[in-house]
Amino acid sequence: MFADKVFELIKDLKRSADGQLPAFNEDLTRQVLDEMRVLFQENQKEVAASSDGEEGLFSGVQLRHASLERNKRCLLAYIYNRMMTLKDYRWEIGSVIPEQVKLNLCEEEITWFSNYNKSLAGYMMSVADVGIDLTQNMTPPKTLLIEIRCLMDYGEFETEDGTVVLLKKNSQHLLPTTQCEHLIRQGILEHVLT
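Residues numbered from 1 in each chain as written. Predicted model: local features only at pLDDT ≥ 70, side-chain atom pairs only at ≥ 80, totals over all residues. Heavy atoms only, no water.

Caption draft 1: Structural detail: the overall build of the chain. A count of helical and extended segments in the chain gives six helices and five strands. Relative to the globule expectation of 16 Å for 194 residues, the C-alpha radius of gyration of the chain, 25 Å, shows a markedly less compact shape. Viewed in the frame of its principal axes, the chain has a C-alpha envelope of about 85 × 35 × 25 Å. A burial count over the chain gives 31% of its 194 residues as buried. The long-range fraction of contacts in the chain, counting pairs at least 24 apart against all pairs at least 6 apart in sequence, stands at 61%. For the chain, the exposed area adds up to about 12,700 Å²; of that, 55% sits on carbon and sulfur atoms. The average position of the 21 basic charges and that of the 30 acidic charges among the side chains of the chain differ by 3 Å. (Helix = DSSP H or I, 4+ residues; strand = E, 2+ residues; numbered from the N terminus. Rg over C-alpha atoms; globule rule 2.2 N^0.38 Å. Buried < 20%, exposed > 50% of the residue type's maximum accessible area, 1.4 Å probe, protein only. Contact = heavy atoms within 4.5 Å. Areas by Shrake-Rupley, 256 points an atom, 1.4 Å probe, with all protein chains shown as cover. Lys, Arg positive; Asp, Glu negative; His and termini not counted. Charge placed at Lys NZ, Arg CZ, Asp CG, Glu CD.)

Caption draft 2: Expanded view of helix H6 (residues 177-185). Every buried residue of H6 is accounted for by Thr177, Gln179, Cys180, Glu181, His182 and Leu183. On its buried side, H6 packs onto strand S1 (145-150), strand S2 (155-158), strand S3 (164-167), strand S4 (172-176) and strand S5 (189-191). In the segment just after H6, Gly187 is the residue with positive phi, at about 85°.

Caption draft 3: Representation of the sheet that holds S1. Taking strand neighbours across the sheet as the criterion, the three strands line up as S4-S1-S5 in an open arrangement whose pairing is antiparallel. The open sheet has two free edges, formed respectively by S4 and S5, since each of these has just one partner strand. On average, adjacent strands in this sheet sit at an angle of 45° to one another, irrespective of strand direction. The sheet contact formed by S1 and S4 spans five bridges and is antiparallel. Bridging from a neighbouring strand, Arg149 pairs with Gln172 of S4. (Pairing = 2+ DSSP bridges. Axes fitted to C-alpha atoms, helices over the stretch in contact; angles between N-to-C directions.)

Caption draft 4: Looking closely at the pattern of salt bridges. A complete count under the given rule lists ten salt bridges for this structure. As a salt-bridge pair, Arg37 and Asp34 come within 2.7 Å of each other at their nearest N and O atoms. Of the two residues, Arg37 and Asp34 both sit in helix H2 (residues 26-51), three residues apart, roughly one turn of that helix. For Arg37, a relative accessible area of 45% corresponds to the partly exposed category. Across the pair Glu42 and Arg64 runs a salt bridge, and its minimum N-O distance is 3.8 Å. Residue Glu42 is located in helix H2, and its partner Arg64 is located in helix H3 (residues 58-93); the two are separated by 22 residues in the primary sequence. Judged by its relative accessible area of 9%, Arg64 falls in the buried class. (Salt bridge = Lys/Arg side-chain N within 4 Å of Asp/Glu carboxyl O.)

Caption draft 5: Representation of the packing of helix H1 (residues 4-15) against H3. Between H1 and H3, the shortest axis-to-axis distance is 9 Å and the interhelical angle comes to 25°. Judged by the inter-axis angle, H1 sits roughly parallel to H3. In this structure, H1 crosses over H3, and the sense of that crossing is left-handed. Residues Val6, Phe7, Leu9, Ile10 and Leu13 of H1 touch H3, and the partners they reach there are Arg70, Asn71, Cys74, Leu75, Ala77, Tyr78, Asn81 and Arg82. (Parallel < 35°, antiparallel > 145°, perpendicular 65-115°, else oblique. Left-handed = near helix turned anticlockwise from the far one by under 90°.)

In structure tokens:
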């Protein structure tokens, strides 16, 4: 049946947990592209034959063309949704892709993420001639300082005012909200709610 393989790609994305990326299915993607190539070649043959006087081939050409269009739309939706998930990762966890996510990406997706990183960093550096980190304060802070607990050994962390804090597992500190937000999103720190 036409377009069954591309539908499997879409179902694969839908089955994955919200915000998670399944491994890029290169084999199935290649099969969809091969199916599209075969459909296109068959259409070219029939169109050439119909110009030589054969009539009645038009419905087959239309059916294959509709299948080509469906495959193209589904394949683009698969790629687009994966890119938007990567874009969300950049805003949520920062400029470094976690290793477990990186294993599920194809080479082109890693390149796209790197280019998106560079574009975002370039834009943030150009804002107001001094630069501004747009990824901080995704939600407005209620206080300037928050109490945090280290979930793992991180090492030395230098705040904007030059204070160096040693972040060791289970240690608790009072730090500026804006400076530890990325570490909280990465799972290195947790906000202690009293």
